[in-house]
Amino acid sequence: MGRAGRRLPALAAVFYGALAALVLLGVRDVLFLYEENRCSMTYMYEYPEYLKIKLPKKTARRYPAYELYLYGEGNYAEENKNLLLTGIPVLFLPGNAGSYKQVRSLGSIALRKAEDVDFKYHFNFFSVNFNEELVALYGGSLQRQTKFVHECIKVILKLYRDREFAPTSVAIVGHSMGGLVARALLTLKNFKPGLINLLITQATPHVAPVMPLDKYLTDFYTAVNNHWILKAQDLRNLTTLSVAGGFRDYQVRSGLAFLPRLSQHDSALSVVSSAVPRAWASTDHLSIVWCKELILATIRAFFDLIDENTRQITEDPKKRMSVLHHHFVRHPAKTFEENPELFTELTGAFMWIPVKASKWTYSVYNDSDGKYFTFPLASHRKSYSHVYCENSMLDTSSWIYGCMNSNSSTCLEATDLSWRAELLPTTKVVILKLQDYTSLSHIVIQVPPTVGNKYTLDCEFFKQDSRTVQLPVTHLFSFGLSSSKILLNSTGLLYNVQLQHFNRIYQAFKIYIESHCQSLKERKPSVYRLHVPWSHEDSITVAKVPSFMEISAKLHIAQPQNDSRVPELNIYSSSDCQYEVILKTSVLQVLGQIIRFHASALPVYVVSNIFLTYGGQLSTLMSTGQCSDFPLELVRTAKPYKVEPLISIVVFLQGFNWFREIWESLSLPEVDAAVLSSQDAWFPLVSLILFLFGTGIAYWSGVFFSTSLRLFSSLWLTLIRPTVLQKDNKLITPRRLCGVLSLAVVSWTTCGAFAVFIIYLQYLFKVIKLHVNIRAEQNMLNGDSDCSKETSQNSSIYAVKNQSSTDSTVKATQSLSNSTTIAEAVNSLKMHVTILNLFTWIVLLNLPSLIYWLKNLRYSVRLDPDPCRSTAIILVCILEILMNSSTSEVKSREEEFALHCSIATGLKSIKDEILKSLYGMDGNGIITVFLNSC
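Worth saying up front: this structure is predicted, and the values here are computed from it rather than measured.

Draft legend 1. Structural context of the overall build of the protein chain. Regarding its fold elements, the protein chain presents 23 helices and 30 strands. For the protein chain, the proportion of its 934 residues judged to be buried stands at 54%. Partitioning the contacts of the protein chain with sequence separation of at least 6, the portion at a separation of at least 24 is 80%.

Draft legend 2. Quick peek at the pattern of salt bridges. Enumeration according to the criterion identifies 21 salt bridges in this entry. Taking the shortest distance from any N to any O, the salt bridge between E78 and K81 comes out at 3.2 Å. Judged by relative accessible area, K81 falls into the partly exposed class, the value being 45%. Here E460 makes a salt bridge to R467, at a shortest N to O gap of 2.7 Å. Both residues of the pair, E460 and R467, count as buried. Within the structure, one salt-bridge network assembled from shared partners comprises E46, E73, R112 and E115.

Draft legend 3. Geometry of the sheet that holds strand 8 (residues 268-272). Taken together, eight strands build an open sheet; the order of strands is 1-2-4-3-5-6-7-8 and the sheet is mixed. On the outer flanks of this sheet lie strand 1 (48-52) and strand 8, each paired with one strand and no other. Direction aside, the axes of adjacent strands within the sheet are offset by 20° on average. The pairing of strand 7 (residues 239-244) with strand 8 spans five bridges and is parallel. Each residue of the ladder has a partner; that of V243, found in strand 8, is V271. Contacts from helix 4 (residues 104-116) reach strand 1, strand 2 (67-73), strand 3 (88-93), strand 4 (123-129) and strand 5 (171-175), with the element oriented near 40° to strand 2.

Draft legend 4. Representation of the nonpolar core within the structure. Judged by nonpolar contacts, the single largest core of 45 residues is most densely connected at L68, L91, L93, F126, I153 and I172. When residues in this core are grouped by element, the largest group, nine residues, is from helix 5 (residues 142-159). Excluding anything up to four places from it in sequence, L91 contacts L68, F126, S127, V128, V149, I153, I156, V170, A171, I172 and V173.

Draft legend 5. View of the packing of aromatic side chains. In total, this model carries 30 aromatic pairs according to the counting rule given. Arranged with centres 5.8 Å apart and planes meeting at 90°, the rings of W658 and F659 form a pair that is edge-to-face. Given the relative accessible area of 13%, F659 is considered buried. One aromatic cluster is present, formed by F15, Y16, Y699 and W700 through successive ring pairs. Above the ring of W228, the side-chain terminus of R183 is found at 4.5 Å from the ring centroid.

Draft legend 6. Main features of the state of the cysteines. Tallied over the full model, the rule gives four disulfides. Free cysteine: C751, not disulfide-bonded; nearest cysteine sulfur from C868 at 6.5 Å.

Draft legend 7. Quick peek at the packing of helix 18 (residues 734-749) against helix 21 (residues 869-883). It is the contact of helix 18 with helix 21, at a shortest axis distance of 9 Å, that shows an interaxial angle of 165°. The orientation of helix 18 relative to helix 21 falls into the category roughly antiparallel. Between helix 18 and helix 21 the crossing geometry is right-handed. For the pair helix 18 and helix 21, contact is made by R736, V740, L743, A744, S747 and W748 and by R869, A872, I873, V876, C877 and E880, respectively. Of the residues that constitute the contact of helix 18 with helix 21, the class distribution is eight nonpolar, one polar and three charged.

Draft legend 8. Structural context of a nonpolar patch on the surface. Together, F477, F479, L481, V587, L685 and L688 make up a nonpolar patch on the protein surface, roughly 590 Å² of accessible area in all. Structurally, L481 is set in the loop between strand 22 (468-472) and strand 23 (483-488). For L481, a relative accessible area of 79% gives the class exposed.

Draft legend 9. Expanded view of the sheet that holds strand 21 (residues 454-462). Read across the sheet, five strands follow the order 13-21-15-19-18 without closing on themselves; strand pairing throughout is antiparallel. At either margin of the open sheet sits one strand with a lone partner, and together these are strand 13 (359-365) and strand 18 (422-423). In this sheet, strand 19 (residues 428-433) lies alongside strand 15 (residues 386-391) in antiparallel orientation, the contact comprising six bridges. Counterpart to N391 in the pairing with strand 19 is K428.

Draft legend 10. Quick peek at the packing of helix 5 against helix 6 (residues 177-184). Running from N to C, helix 5 and helix 6 point in directions that differ by 65°, and their axes come no closer than 9 Å. Our classification of the angle between helix 5 and helix 6 gives roughly perpendicular. Considering only the axes of helix 5 and helix 6, their crossing is right-handed. On helix 6, the residues touching L142, Q145, T146 and V149 of helix 5 are M177, V181 and A184. Taken together, the residues that form the contact of helix 5 with helix 6 break down as five nonpolar, two polar and no charged.

Draft legend 11. Representation of unusual backbone geometry within the structure. Omega for the peptide link from V545 to P546 comes to -5°, which places this bond in the cis form. Residue placement: P546 occurs in the loop between strand 27 (539-543) and strand 28 (547-554). The linkage connecting D864 with the following residue, P865, adopts the cis geometry, with an omega of 0°. Mapped onto the elements, P865 comes out in the loop between helix 20 (802-855) and helix 21. Residues other than glycine seldom take positive phi values, yet F119 does so here, at roughly 55°. Positionally, F119 belongs in the loop between helix 4 and strand 4. One non-glycine residue, N131, lies in positive phi territory at about 65°. Secondary-structure assignment places N131 in the loop between strand 4 and helix 5.

Draft legend 12. Region of interest: a positive patch on the surface. A cluster of basic residues, K54, K57, K58, R61, R62 and K147, forms a positive patch on the protein surface. In terms of residue count, helix 2 (residues 57-62) provides more of the positive patch than any other element does, four residues in total. Turning to its location among the elements, R61 is positioned in helix 2.

Draft legend 13. Representation of the environment of H175 in the model. Note that H175 resides in strand 5. A relative accessible area of 2% means that H175 is categorised as buried. In this structure the C-alpha to C-alpha distance between H175 and L286, which are 111 residues apart in sequence, comes to 8.9 Å. When residues no more than four places from it in sequence are discounted, the contact partners of H175 are F92, L93, P94, G95, Q102, Q202, T204, H285, L286, I288 and V289. A distance of 2.7 Å separates a polar atom in the side chain of H175 from the backbone oxygen of H285.

Draft legend 14. Main features of the environment of L764. Along the polypeptide, L764 turns up in helix 19 (residues 752-798). Spatially, the C-alpha atoms of L764 and L709 are 9.0 Å apart, while their sequence positions differ by 55 residues. Once residues lying within four places of it in the same chain are set aside, the contact partners of L764 are L709 and L836.

Quick notes on the rules
- Residues numbered from 1 in each chain as written.
- Predicted model: local features only at pLDDT ≥ 70, side-chain atom pairs only at ≥ 80, totals over all residues.
- Heavy atoms only, no water.
- Helix = DSSP H or I, 4+ residues; strand = E, 2+ residues; numbered from the N terminus.
- Buried < 20%, exposed > 50% of the residue type's maximum accessible area, 1.4 Å probe, protein only.
- Contact = heavy atoms within 4.5 Å.
- Salt bridge = Lys/Arg side-chain N within 4 Å of Asp/Glu carboxyl O.
- Pairing = 2+ DSSP bridges.
- Axes fitted to C-alpha atoms, helices over the stretch in contact; angles between N-to-C directions.
- Core = buried A, V, L, I, M, F, W, Y, C linked by side-chain atoms within 4.5 Å.
- Phe/Tyr/Trp six-rings, centres within 6.5 Å; stacked < 30°, edge-to-face > 60°.
- Lys NZ or Arg CZ within 6 Å of the ring centre and 35° of its normal.
- Disulfide = S-S within 2.5 Å.
- Parallel < 35°, antiparallel > 145°, perpendicular 65-115°, else oblique.
- Left-handed = near helix turned anticlockwise from the far one by under 90°.
- Nonpolar A, V, L, I, M, F, W, Y, C, P; charged D, E, K, R; others polar.
- Patch = residues over 30% accessible without salt bridge, like charges linked within 9 Å, V, L, I, M, F, W, Y side chains within 5 Å.
- Areas by Shrake-Rupley, 256 points an atom, 1.4 Å probe, with all protein chains shown as cover.
- Lys, Arg positive; Asp, Glu negative; His and termini not counted.
- Charge placed at Lys NZ, Arg CZ, Asp CG, Glu CD.
- Polar contact = N/O pair within 3.5 Å; in protein donor to acceptor, adjacent residues only side chain to side chain.

Right, dumping it as structure tokens:
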């Protein structure tokens, strides 16, 4: 091999190592590089108790693994032991591997809130024990959980029978997959929609499963989402709130937690926790159930939803949406009122002070006299378009009013503009467009008497154009080398920086904001808000002044096609300060976005690259008689142009109805591009990027796999004496046939993944044993060669007899025969390593079903339904053939190659069963290419 030939494997290793490193950098960004946890922990003031509710015998017998509990603490728990309940029922549904005890944060905070109102109203929190099932990985139990929750609702409502204010419905709080189970209740034939009128979900993947590993999971999602779309009119009386965790939740990305957009009604609301008022914090997948700020917002909303007449949650869907919008979208720093008074009398012996300046600041400290500051609007309407005011006193009292047609120095009756305000972490602000308030003559700011309190009020009139700046974002391929920059020199209090062309999920930027002030006096903190107008996913950052702050800008949901609004960076600034804003593309966060949105598709690209490599090895074996190593063959055969054109053609044809009908009639899986496009998460280069990432992972996983086999074989050699290489010409023997039948029975009667795992271990043991025998034979062959050389030298020096020369010739012939046998064994080993590498990925994809079966083995020996049962029987038969096949006949007979192609055809059917909907067209296209080569 020449120097260039030796250099090629090294260059390939470096190239694929770089690709694998990019994947690791993206994974690192998703798993580790996010904001710190700003949630406070919720604590119980008394010892929590969980009272088990007795279920009907039929229900308990049908669902032996599930239970229903009532939460309580201290005296409240003791009082509820007789189940004479008088509160409002709320049912908590845990998610994937979740515990029923996660209800304690909601139950405890609600109990403290009830104590504050002397138990005029209170809630009874129930919780379902789903035995911590892994429903996010195995969808076979979702329907069973849904039916059990229906039975629980009927049991709960029976507990309130004959009460004075007996409820007719139950509010549900669902965490993770528990929220999806709650939505699935409406798909049951005998379920009455009136049994639930409020549903709050926490970090629930509504749009699609995070890892759709079996058809039961995907079919469940399809049934639920289709029902909610087709029966949207029937769901108008159900109010749904979905709260996502933000970028800290790497298990369920927030885009999946947004409820499907329905134009028929407006009874659904989706928000990210970083945008929730008084929380403003991203949460991970578990902390969302105990984050004090979010729990407080939820409990406040629950109490505001109570109807004083029925003492239950209101039946008015408009009021429910108003309450949720008040607590989870825009909080005006006011206590919720269903019908606030339009006009208010401005009473009290306050001093009236007119203000004619366009910019005004007033600081209050220990002022015993109340004041009204009036701002005449007539003199400002021609010069300005908006008025902006902020108040650092974060109480819930009214503070800004609009006076109509006042010709005197006072205004006795005014409209309360405090409802137009918005609460921020350090201040409450209001922005009024003067054109919308033509009937107002004055703006009135109320400053009540303060004792021991210090706060500041600021107001200014401005033109919107003077405070709006456009900042084009840098191109994706600038790689952070170029930047966009603006300098804000104005002395205003508010700036809006429009981020032009920022609308795709693969875009990610770092925004650097540096503030400089002319004087060193103490100033209020600045507030930076990244506002995304088409979804409630804002993020807020508070910074000292002066300071240098870094903000990450990336999207959970791409801009809808019919939406032309632009994301904004709102800067609530300090006066007399200069702000410099620099924006750069963040390569690491771009990689993180690709992994966040498309990581679930990476396994199919890895498997597809292994398929291409396997086909290349078969082709090389037929043409040259030698089987190349996995890394070298991967470099030669895994080319994007073998796959991408086919994918592009199919994606294009998917735009035609006739092609989609043919595709569905053939029971082919849904195309990845179509699914991602419906989620606004598809972009042209994503398939090519994922193919390259999959190639890098396949390359180094193959290297790691081969290295591991060598280590195991070395350990074997030190412990066990190897056997002699034996040639087995029979693929099927009675013993092997009995083994296949036994594993088929195991698959049918217990768990298909268990049978697959057994045959995989058997295959792994056989490959390691083959590796050990080859190494032993090679060592013996090298020893005989050395001995032969020494004998030949001694015969020439000492003139040994002719018989010795004859023995040397016999040994050389035996050595040549052994060399041929070893070469054939090495070729077979290379093929087996590739196949075993492929089936390693398939076993990993089957592991969730195996884990679920092992965990529930005490309830049932048979996993039902089993997504791997039929697939396992096919796998067992194929692996039994493959593990006992060799490459010795391939050189002379093409039937062996046809056998491998038929096996590949079987592998394709396996792929369609295991990876259906998760991997869709991309993997199907690649495997089709390989089958065509056969």
